[in-house]
Amino acid sequence: SLGKLYFWINYTKRAAQAVSRIMTSAINFNETLNKFQVSMGKYYERSIKYVNSLTYAFNLSTESIMNYQSSFMNMLSALGGLSSDTSYELSETLTRMAIDYASLFNVSIDRAMEQFQSVLSGQIKFSLASKGLLEKFTPLINGKSKQVKL
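All of the points below concern the structure found in this document. Here the structure is a predicted model, which means the values were calculated and not measured.

### Some points on the overall build of the protein
For step 1, the next point in the chain: When helices and strands are tallied, the protein shows seven helices and zero strands.
For step 2, the next point in the chain: Reading the protein from its N end, one meets helices and strands in the order α-α-α-α-α-α-α.
For step 3, the next point in the chain: Here the protein holds 150 residues, and 27% of them are scored as buried.
For step 4, the next point in the chain: Relative to all contacts within the protein whose residues are 6 or more apart in sequence, the contacts with residues 24 or more apart total 46%.
For step 5, the next point in the chain: Of the roughly 10100 Å² of accessible surface on the protein, 58% is carried by carbon and sulfur atoms.

### Here's the deal with the pattern of salt bridges
For step 1, the next point in the chain: With the rule as written, the count across this model stands at three salt bridges.
For step 2, the next point in the chain: Between E89 and R46 there is a salt bridge, and its shortest N-O distance comes to 2.1 Å. Linking E89 in helix α4 (residues 84-104) with R46 in helix α2 (residues 44-58), this pair joins segments that are 43 residues apart in sequence.
For step 3, the next point in the chain: In this structure E89 comes out as partly exposed when scored by relative accessible area, which is 36%.
For step 4, the next point in the chain: For R96, the salt bridge is made with D100, and the minimal N-O distance between the two is 3.6 Å. Of this pair, R96 and D100 are both found in helix α4, four residues apart, which corresponds to roughly one turn of the helix.
For step 5, the next point in the chain: Residue D100 is classed as partly exposed on the basis of its relative accessible area, which comes to 36%.

### Quick look at a nonpolar patch on the surface
For step 1, the next point in the chain: Where nonpolar side chains cluster on the molecular surface, the patch consists of L2, L5, Y6 and I9 and spans about 430 Å² of accessible area.
For step 2, the next point in the chain: Exposure remark for I9: the relative accessible area of 46% places this residue in the partly exposed category.

### What to know about the packing of aromatic side chains
Centre distance and the angle of the planes are the two values used to describe a pair of aromatic rings.
For step 1, the next point in the chain: Scanning the entire structure with this criterion turns up seven aromatic pairs.
For step 2, the next point in the chain: Look at F7 and W8: their rings are 5.1 Å apart centre to centre, the planes differ by 75°, and that puts the pair in the edge-to-face class.
For step 3, the next point in the chain: The class for F7 is partly exposed, based on a relative accessible area of 46%.
For step 4, the next point in the chain: One aromatic cluster is present, built from ring pairs that chain together F7, W8 and Y11.

### What to know about the packing of α4 against helix α5 (residues 109-120)
For step 1, the next point in the chain: Closest axis-to-axis distance for the α4/α5 pair is 8 Å, and the angle between their directions is 130°. Judged on the interaxial angle alone, α5 and α4 are oblique. In this structure, α4 crosses over α5, and the sense of that crossing is right-handed. From α4, L94, T95, M97, A98, I99, Y101 and A102 reach across to α5, where they touch I109, A112, M113, Q115, F116 and L120.
For step 2, the next point in the chain: Of the residues assigned to the contact of α4 with α5, the class counts are eleven nonpolar, two polar and no charged.

### A few points about the environment of G41
For step 1, the next point in the chain: Considering the arrangement of structural elements, one finds G41 in the loop between α1 (2-40) and α2.
For step 2, the next point in the chain: On a C-alpha basis, the gap between G41 and S84 in space is 9.6 Å, while along the polypeptide they are 43 residues apart.

Parameters at a glance
- Residues numbered from 1 in each chain as written.
- Predicted model: local features only at pLDDT ≥ 70, side-chain atom pairs only at ≥ 80, totals over all residues.
- Heavy atoms only, no water.
- Helix = DSSP H or I, 4+ residues; strand = E, 2+ residues; numbered from the N terminus.
- Buried < 20%, exposed > 50% of the residue type's maximum accessible area, 1.4 Å probe, protein only.
- Contact = heavy atoms within 4.5 Å.
- Areas by Shrake-Rupley, 256 points an atom, 1.4 Å probe, with all protein chains shown as cover.
- Salt bridge = Lys/Arg side-chain N within 4 Å of Asp/Glu carboxyl O.
- Patch = residues over 30% accessible without salt bridge, like charges linked within 9 Å, V, L, I, M, F, W, Y side chains within 5 Å.
- Phe/Tyr/Trp six-rings, centres within 6.5 Å; stacked < 30°, edge-to-face > 60°.
- Axes fitted to C-alpha atoms, helices over the stretch in contact; angles between N-to-C directions.
- Parallel < 35°, antiparallel > 145°, perpendicular 65-115°, else oblique.
- Left-handed = near helix turned anticlockwise from the far one by under 90°.
- Nonpolar A, V, L, I, M, F, W, Y, C, P; charged D, E, K, R; others polar.

Right, dumping it as structure tokens:
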């Protein structure tokens, strides 16, 4: 009958969409894992333990923590003048600080990571504007030595 035909078409369509989402998630995780392995290098074993501890402690996805920490590691390594040990330690610290910041200021973890990365890349105005502090810090950013009251 026509009703059964519509049922099977819709059922098959939904099953195909589910399989597609699963495959997309697997591919995205594989890409994140590759980025993480490359950026962590010799610190991979140590960093995977750190990621697992954060995942367990904060109930966050392993993929997102790996992505955040590898992004920090890449940015810190590109700065120059930092040893790889220092870059790794800072990537751990910044990842943890951004999670704490998100909790403290009640913002999403993605937003907190974006703000920390913007500060690290020298875009301090973005970070300050998001908290409504830009007007108070504008004299300091422009290099004027004026007393600023918070």
